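Inside the fold
Each chain is listed here by its residues.
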Amino acid sequence: MKFNEIVALLNKPLTLGTKQADRVKRLADIVTSDQQPPVLSFKQDGTTYTFESPDDEGSGVADKDLSLFDLAVFSLTPLPVIIHDSVLFNNIEKDVASKLLELYKQSTKQVFIAFDREQDYEGTSVEEIVNETSVITLGPDGKSLYGWQWNKKTDEQEAEEQ
């Protein structure tokens, strides 16, 4: 898919409805079968919507639900990629994160995830999935993108401070 086709696709209005809500419910059953699935509801006039988990307003549940919603839209539309930042996984339970990563892994489309705190997942299927599917691993000490960290002080800045 060419860049201008992606831009046109992203600018095209998307109508969400029953298909997406049903897909979210099915994905939620895979990830957390013992919990109530999130509910997507629209006002009759179509001007507003709510997306919430009944009886649970925790940040981990909200992050899990957002991931499920994104995966539902991703799987039901021609969107070619999904991108999730590591902050989305910080409050999600480890076993739930594992199941979400398994869903990402099963996608036939491109998935980009910034994932840190892998040390919290040592010995779990999350560690296995991340190691198996990582394309690039970034970190300190020369493992920065393009070989340098943009937020580090230069030698000149260090000298000026002294």
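Now for a look at the structure at hand. Note that the structure is a prediction, hence the values are computed from the model and not measured.

**Some remarks on a nonpolar patch on the surface**
The grouping of Val 135, Ile 136, Leu 138, Leu 145, Tyr 146, Trp 148 and Trp 150 at the surface amounts to a nonpolar patch, some 980 Å² of accessible area in total. Inspection of the secondary structure puts Ile 136 in the loop between α5 (125–133) and α6 (155–161). The exposed category is assigned to Ile 136, whose relative accessible area is 55%.

**Remarks on α5**
An α-helix turns once per 3.6 residues; consequently, residues spaced three or four apart project the same way. Among the residues of α5, those classed as buried are Val 126, Ile 129 and Val 130. All buried residues of α5 fall inside an arc of 95° around its axis, so they share one side. More than 90 degrees from the buried face of α5, the exposed residues found are Glu 128 and Asn 131. Looking at the buried positions of α5, the neighbouring elements they touch are α4 (94–106).

**Looking at the pattern of salt bridges**
Within the structure shown, the criterion is met by two salt bridges. When the shortest N-O distance is used, the salt bridge between Lys 105 and Glu 132 registers 2.9 Å. Taken as a pair, Lys 105 in helix α4 and Glu 132 in helix α5 lie far apart in primary sequence, 27 residues in all. Taking the relative accessible area as the measure of exposure, Lys 105 reaches 34% and is therefore partly exposed. On the basis of relative accessible area, Glu 132 is assigned to the partly exposed category, the value being 48%.

**A closer look at the nonpolar core**
With 27 residues, the main nonpolar core has Leu 68, Phe 89, Leu 100, Leu 101, Tyr 104, Phe 115 and Val 126 as its most contacted residues. Dropping the residues within four chain positions of it, Leu 68 is found in contact with Val 24, Leu 27, Ala 28, Val 31, Pro 38 and Leu 100.

**Some points on the packing of helix α2 (residues 18–31) against helix α3 (residues 59–76)**
Relative orientation of the contacting elements α2 and α3 amounts to 125°, with a least axis distance of 9 Å. With respect to α3, the element α2 is oriented oblique. Here the hand of the crossing between α2 and α3 comes out right-handed. Two secondary-structure elements touch here, α2 through Lys 19, Gln 20, Arg 23, Val 24, Leu 27, Ala 28 and Val 31 and α3 through Lys 64, Leu 68, Phe 69, Leu 71, Ala 72, Val 73, Ser 75 and Leu 76. Classifying every residue of the contact of α2 with α3 gives ten nonpolar, two polar and three charged.

**Details of the packing of aromatic side chains**
Tallying each qualifying case throughout the model produces three aromatic pairs. Geometrically, the ring pair formed by Phe 89 and Tyr 104 is edge-to-face, given 6.2 Å between the ring centres and 70° between the ring planes. Placement of Phe 89 in the loop between β3 (81–84) and α4 and of Tyr 104 in helix α4 is noted, with a sequence separation of 15 residues between them. For Tyr 104, a relative accessible area of 4% corresponds to the buried category. When the centroid spacing of 5.4 Å and the interplanar angle of 50° are considered together, the rings of Phe 115 and Tyr 121 count as tilted. Judged by relative accessible area, which is 17%, Phe 115 ranks as buried. Ring pairing ties together the aromatic residues Phe 89, Tyr 104, Phe 115 and Tyr 121, which thus form one cluster. When the ring centre of Tyr 121 is taken as origin, the NZ or CZ atom of Lys 94, which lies over that ring, is 6.0 Å away. Looking at Lys 109, its charged tip hangs above the ring of Phe 74, at a distance of 4.8 Å from the centre.

**Re the packing of α3 against α4**
Taken N-terminus to C-terminus, the directions of α3 and α4 make an angle of 15°; their axes are 11 Å apart at the nearest point. By the angle between their axes, α3 is roughly parallel relative to α4. Where α3 crosses over α4, the two elements pack in a sense that is left-handed. Between α3 and α4, the contacting residues are Lys 64, Ser 67, Leu 68 and Leu 71 on the first element and Val 96, Leu 100, Leu 103 and Tyr 104 on the second. The class makeup of the residues in the contact of α3 with α4 is six nonpolar, one polar and one charged.

Reading the values: the criteria
- Sequence order as written defines residue numbering, which begins from 1 separately in each chain.
- Predicted model: local features are reported for residues with pLDDT of at least 70 only, side-chain atom pairs are reported and counted for 80 or more only, and whole-chain, interface and lining totals are derived from all residues.
- The side-chain figures draw on all heavy atoms in the structure; neither hydrogens nor water molecules are used.
- Two joining distances apply to patches: 9 Å for like charges and 5 Å for nonpolar side chains (Val, Leu, Ile, Met, Phe, Trp, Tyr), and every residue must have over 30% relative accessible area and no salt bridge.
- For the accessible areas, the method is Shrake-Rupley and the probe is 1.4 Å, while residue cover comes only from the protein chains on display.
- Salt bridge, as used here: a side-chain nitrogen of Lys or Arg that lies within 4 Å of a carboxyl oxygen of Asp or Glu.
- Secondary structure follows DSSP: runs of H or I at least 4 residues long count as helices, runs of E at least 2 residues long count as strands, and numbering of each begins at the N terminus.
- Partly exposed describes any residue whose relative accessible area lies between the buried limit of under 20% and the exposed limit of over 50%, with all areas from a 1.4 Å probe on protein chains only and scaled to the type maximum.
- Within this analysis, the arc is defined by the directions that extend from the helix axis to the C-beta atoms.
- Here, residues are in contact when the closest pair of their heavy atoms is within 4.5 Å.
- To qualify as a nonpolar core, a set must consist of buried Ala, Val, Leu, Ile, Met, Phe, Trp, Tyr and Cys residues joined through side-chain atoms within 4.5 Å.
- Each axis is a line fitted through C-alpha atoms, taken for helices only over the stretch in contact, and angles between the N-to-C directions span 0 to 180 degrees.
- Convention used here: angles under 35 degrees read as roughly parallel, angles over 145 as roughly antiparallel, angles from 65 to 115 as roughly perpendicular, and any remaining angle as oblique.
- By definition, turning the near helix anticlockwise from the far helix through less than a right angle yields a left-handed crossing, and turning it clockwise yields a right-handed one.
- Charged residues are taken to be Asp, Glu, Lys and Arg, nonpolar residues to be Ala, Val, Leu, Ile, Met, Phe, Trp, Tyr, Cys and Pro, and polar residues to be all remaining types, Gly included.
- Stacked, edge-to-face and tilted are the three classes for Phe, Tyr and Trp ring pairs, Trp counted by its six-membered ring, which pair at centre distances within 6.5 Å; planes under 30 degrees apart are stacked, over 60 edge-to-face, the rest tilted.
- Two conditions define a charge sitting above a ring: the NZ of Lys or the CZ of Arg must be within 6 Å of the ring centre, and it must be within 35 degrees of the ring normal.

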